[in-house]
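One letter stands for each residue in the lines below.
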Amino acid sequence: MMSKHEKTYVTNANFMLHGGDYNPDQWLDRPDILSDDVKLMKLSHTNTFSVGIFAWAALEPEEGVYNFEWLDEIFENIHGIGGKVILATPSGARPAWMSQKYPEVLRVNGARVKQLHGGRHNHCFTSEVYREKTQEMNRLLAERYGNHPGLLMWHISNEYGGECHCEKCQTAFRAWVKEKYNNDLKALNDAWWGPFWSHTITDWSQVESPSPIGENMVHGLNLDWRRFVTDQTISFYKNEIVPLRELTPSIPITTNFMADTHDLIPFQALDYSKFAKHLDVISWDAYPAWHNDWESTASLASKVAFINDLYRSLKQQPFLLMESTPSGVNWHDVNKAKRPGMHLLSSMQMIAHGSDSILYFQWRKSRGSSEKFHGAVVDHDNSSENRVFQEVAKVGQTLEKLNDVIGTNRPADVAVLYDWESNWALNDAQGFGKKTKLYPQTLQQHYKAFWEKDIPVDVITKEQDFSSYKLLIVPMLYLVSEETIARLKTFVADGGTLVMTYISGFVNEYDLTYLGGWHKDLQEIFGVKPVETDTLYPKDQNSVTYNGKTYQLKDYATVIKVDTANVDGIYVDDFYANTPAVTSHQFEAGKAYYIGGRFEHAFQQDFYQGLISDLSLEPVASVEHGEGVSVQIRQAPESDYLFVMNFTEENQLVRFDSVVKDLITGEEISGEVKLEKYEVRIVEKSKS
Ligand code: GLA
Ligand code: ZN
């Protein structure tokens, strides 16, 4: 938990950043457009632009031939209106000459097919040539712009992701594996369960990345490969920033993280908990499918909130929204425009959870190629009059009133534990239900029970400190090392309350199952032993009775043997009818709850309401409201800033228990207030 109400400024701007990806390199033969940009920037109340993200071909049209003049001008334009530049390193895409001359920079896919030049995000992350070229380019950028007063921060590459299976990457992987297993083939074969299907490795040269045309059933290998891909991506990134740290030590560095859609879960392919340590600031690109036809607006809002709280908790400091769209995108199945009001609401939700920016992809719609219809601030009409532009300007005007919020955060008593490695291992596990593992979604369900009640939650990772939380929720922690088990044990022994669910504690950090049943320390903490996990078909029916109520059960049920725990809930049907489904257990100074099945959301709501009362967990402020309204807080030493957000399609009444000041209109309000559909009110509650 952060020390209370301390401010952390993640950039040296004294305003909320508003703007986004600006690609003037697509318009260099249109000076009229570039000068319109400047006028439109002012009209849209924007102030910060990420430039150069895909500009390598414009910066170095031929090997060793550079053209920075256009970028100089863009710097002057932006600085001239008092704006700031987030300067990108252009490694996310490269000029054709480079792929032609140095084919080693091209990626090789899992099937060992070398990719052609084209698209983007398709470099080999091991290639010495590509590493040299990016470092060279980054050095030139730092030399030229490092002291420019308009430079705010570095944006390294773009949305790192993907993997390469070329020979250089195989060699790097072999070296990584060899080091990890201390040059000991026996240790490797033990970890990878070598004798299975005669997969014993007898020479390091036999180590190969997983492949659809080769090895893909060795779970230890798959897991180590995913770890290697994260490490190698970070290593590529670290190579990129060498000249930047050297020449611009005081300019903060970020790279834009992602989420996976359309279900809106955290990005899966890289372990961001590792990556975060190498960044000064976390930033991410949020593209929720608002107004979709498979979930309510509130339900989607709670998923966005979860990812915000995960990415914010990675560094326990404000983060930046690096990309978002003012209307629709171009890559969802259906690219629906944000309805009136949604742009302000969805933007303020990001601020409410700790973002100090609202940035877009992109400033101006391209004229050609695949992103020409992606939402942008400036449309093909080049007008400041249209609805989308006006809604952007409104966000800008709102942000201008939120300067006091910059740098603030808030503490939490509740944490949900998210683990990338466990998710990888669980997804790899052949067992359970292919389509129903849903690890991130399950965490989002548990989180939602608190979001609905305005109780702040940090979403933390396994290496973070547990001790400051009253309640730690660990759903479906399939992979858990003995070290983490020991830390969970200390947490409970010292008085913490721990909740764990079905499909937890199956394998260790090598993806090898624990032998002899559940780990003895887990048995000690929970006073139970899960003995069987039943996986259900979608049409199977069962339920649980808990505190006199009955709740539907789906997908998973754990048969539990109780030792010293209390039985709080029991299964209704099947061969485990009348046996324990939910248990609680006093362990030393703390308490541990085990939830055996996947129950309908009403269960989470009631179960956690019990803990909220027992542990006196408080909502961020006493603002009474109905379902679908969320209240989030950011706290400064003198004031609380409350974001009261209506994520429903109806008007909602909310009630403030004291006098607060509306930060946008300046009016004082108290008592009952009506929020229109999608309306957000941002109010200051003074502490004096
Ligand atoms: C990603 C990329 C951007 C753009 C957007 C479109 O976030 O980083 O360059 O392609 O998607 O939504
Ligand atoms: Zn490679």
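Residues numbered from 1 in each chain as written. Chains lettered and ligands numbered in written order. Predicted model: local features only at pLDDT ≥ 70, side-chain atom pairs only at ≥ 80, totals over all residues. Heavy atoms only, no water.

1. A word on the overall build of the protein chain
Broken down by element type, the protein chain carries 17 helices and 28 strands. Its C-alpha atoms give the protein chain a radius of gyration of 26 Å, within 12% of the compact-globule value 26 Å for 688 residues. For the protein chain, the spread of C-alpha atoms along the principal axes amounts to about 75 × 75 × 45 Å. A buried classification covers 61% of the 688 residues belonging to the protein chain. Here the contacts in the protein chain between residues at least 6 apart in sequence split such that 74% fall between residues at least 24 apart. Here the protein chain has roughly 26,500 Å² of accessible surface; of this, 50% comes from carbon and sulfur atoms. Of the side chains in the protein chain, 66 bear a positive and 93 a negative charge, and the two mean positions are spaced by 1 Å. (Helix = DSSP H or I, 4+ residues; strand = E, 2+ residues; numbered from the N terminus. Rg over C-alpha atoms; globule rule 2.2 N^0.38 Å. Buried < 20%, exposed > 50% of the residue type's maximum accessible area, 1.4 Å probe, protein only. Contact = heavy atoms within 4.5 Å. Areas by Shrake-Rupley, 256 points an atom, 1.4 Å probe, with all protein chains shown as cover. Lys, Arg positive; Asp, Glu negative; His and termini not counted. Charge placed at Lys NZ, Arg CZ, Asp CG, Glu CD.)

2. Let's talk about helix H1 (residues 31-43)
Over its 13 residues, H1 runs 19 Å from end to end, which matches the ideal 18 Å to within 8%, given 1.5 Å per residue. Within the sequence span of H1, burial applies to Ile33, Leu34, Asp37, Val38, Leu40 and Met41. Buried-residue contacts for H1 involve strand S1 (17-22), strand S2 (48-51), helix H3 (69-80) and helix H12 (387-399). Just beyond H1, the residue with positive phi is His45, at close to 55°. (Expected span 1.5 Å × (residues − 1).)

3. A few points about the site of ligand 1
With respect to spatial proximity, the complete set of residues near ligand 1 consists of Phe54, Arg120, Asn158, Glu159, Asp285, Tyr287, Glu323, Trp331, Phe361, Glu371 and His374. Within the side chain of Arg120, one N or O atom sits 2.8 Å away from an oxygen atom of ligand 1. Within the side chain of Asn158, a nitrogen or oxygen atom sits 2.8 Å from an oxygen atom of ligand 1. Expressed as a share of its isolated accessible area of 310 Å², the protein-covered part of ligand 1 is 96%. (Near = heavy atom within 4 Å. Polar contact = N/O pair within 3.5 Å; in protein donor to acceptor, adjacent residues only side chain to side chain.)

4. Considerations on the layout of surface pockets
By volume, the largest pocket is sized at about 700 Å³. In this structure, the largest pocket is lined by 33 residues; those nearest its centre are Tyr478, Val507, Asp511, Leu512 and Thr513. Contributions of two or more residues to the lining of the largest pocket are made by helix H8 (219-247) and strand S16 (528-535). For the lining of the largest pocket, the leading source of residues is S16, giving four residues. For the lining of the largest pocket, a count of residues per class yields 21 nonpolar, ten polar and two charged. If you add up the space inside the second largest pocket, you get close to 590 Å³. Contributing to the lining of the second largest pocket are 27 residues, with Lys274, Lys277, Glu421, Lys462 and Glu463 lying nearest its centre. Residue assignment for the lining of the second largest pocket shows that the elements contributing at least two residues are helix H6 (167-180), H8, helix H9 (272-275), helix H10 (297-315), helix H13 (420-428) and helix H15 (482-493). Counting only domains with at least three residues in the lining of the second largest pocket, you end up with domain 1 (17-161 + 230-405) and domain 2 (414-614). (1 Å grid on protein atoms, 1.4 Å probe; cavity = no way out; pocket = protein on both sides within 12 Å on 5 of 7 lines; lining within 4 Å. Points joined across faces, edges and corners; volume = space filled by probe spheres on them. Nonpolar A, V, L, I, M, F, W, Y, C, P; charged D, E, K, R; others polar. Domains from an automatic or database assignment.)

5. Some words on the domain arrangement of the protein chain
Domain boundaries assigned for the protein chain yield domain 1 (17-161 + 230-405), domain 2 (414-614) and domain 3 (623-686). Each of domain 1 and domain 3 has a C-alpha centre, and these two points are 31 Å apart. Every contact between the two is made by 25 residues of domain 1 and, on the other side, 16 residues of domain 3. Between domain 1 and domain 3 lies a buried interface of about 1,700 Å² when both sides are counted; carbon and sulfur atoms form 70% of it. The three residues of domain 1 that bury the most area against domain 3 are Leu345, Ala352 and Val405, which together make up 33% of that side's buried surface. Where domain 1 touches domain 3, the interface holds one salt bridge. Note that Arg634 and Asp356 form a salt bridge whose closest N and O atoms lie 2.7 Å from each other. (Buried area = accessible area lost by both parts, 1.4 Å probe. Salt bridge = Lys/Arg side-chain N within 4 Å of Asp/Glu carboxyl O.)

6. Quick look at the sheet that holds strand S9 (residues 283-285)
The three strands lie next to each other as S6-S9-S10, forming an open sheet whose pairing is parallel. Strands with a single pairing partner mark the edges of an open sheet, and in this sheet they are strand S6 (256-257) and strand S10 (320-323). (Pairing = 2+ DSSP bridges.)

7. As for the packing of aromatic side chains
Enumeration over the complete set of coordinates arrives at 53 aromatic pairs. Judged by centre distance (5.5 Å) and plane angle (85°), the ring pair of Phe49 and Trp363 falls under edge-to-face. Of the two residues, Phe49 is situated in strand S2 and Trp363 in the loop between strand S11 (357-360) and H12; the sequence distance between them amounts to 314 residues. Overall, Trp363 belongs to the buried group, its relative accessible area being 1%. The positively charged end of Arg94 is found above the aromatic ring belonging to Tyr130, 5.7 Å away from the centroid. For the cation-ring pair, Arg226 lies above Trp424, with the distance from its terminal atom to the ring centre recorded as 5.7 Å. (Phe/Tyr/Trp six-rings, centres within 6.5 Å; stacked < 30°, edge-to-face > 60°. Lys NZ or Arg CZ within 6 Å of the ring centre and 35° of its normal.)

8. Quick notes on the coordination of the zinc ion (ligand 2)
Coordination sphere of the zinc ion (ligand 2), protein contribution only: Cys124 (SG), Cys164 (SG), Cys166 (SG) and Cys169 (SG), at 2.3 Å. Angles of 102 to 115° at the metal separate the four donor atoms of the zinc ion (ligand 2), which places the site in the tetrahedral class. All donor residues of the zinc ion (ligand 2) come from one chain, and their arrangement in sequence is C-x39-C-x1-C-x2-C. Neither residue differs from the other here; Cys166 and Cys169 are each classed as buried. (Donors = N, O, S within 2.8 Å, 3.2 Å for Na, K, Ca; no water. Tetrahedral: all angles 85-135°; square planar, octahedral: opposite > 155°, others 65-115°.)

9. Thoughts on unusual backbone geometry
What is expected of a backbone is that most residues other than glycine have negative phi and most peptide bonds are trans. In the segment running from Phe361 into Gln362, the intervening peptide bond is cis, with an omega of -5°. Here Gln362 lies in the loop between S11 and H12. The phi dihedral of Asp511 is positive, around 65°, even though this residue is not glycine. Locating Asp511 in the fold gives a position in the loop between strand S15 (497-501) and helix H16 (520-526). A positive phi is found at Ser616, a non-glycine position, where the angle reads about 50°. When its relative accessible area of 44% is taken as the criterion, Ser616 is described as partly exposed.

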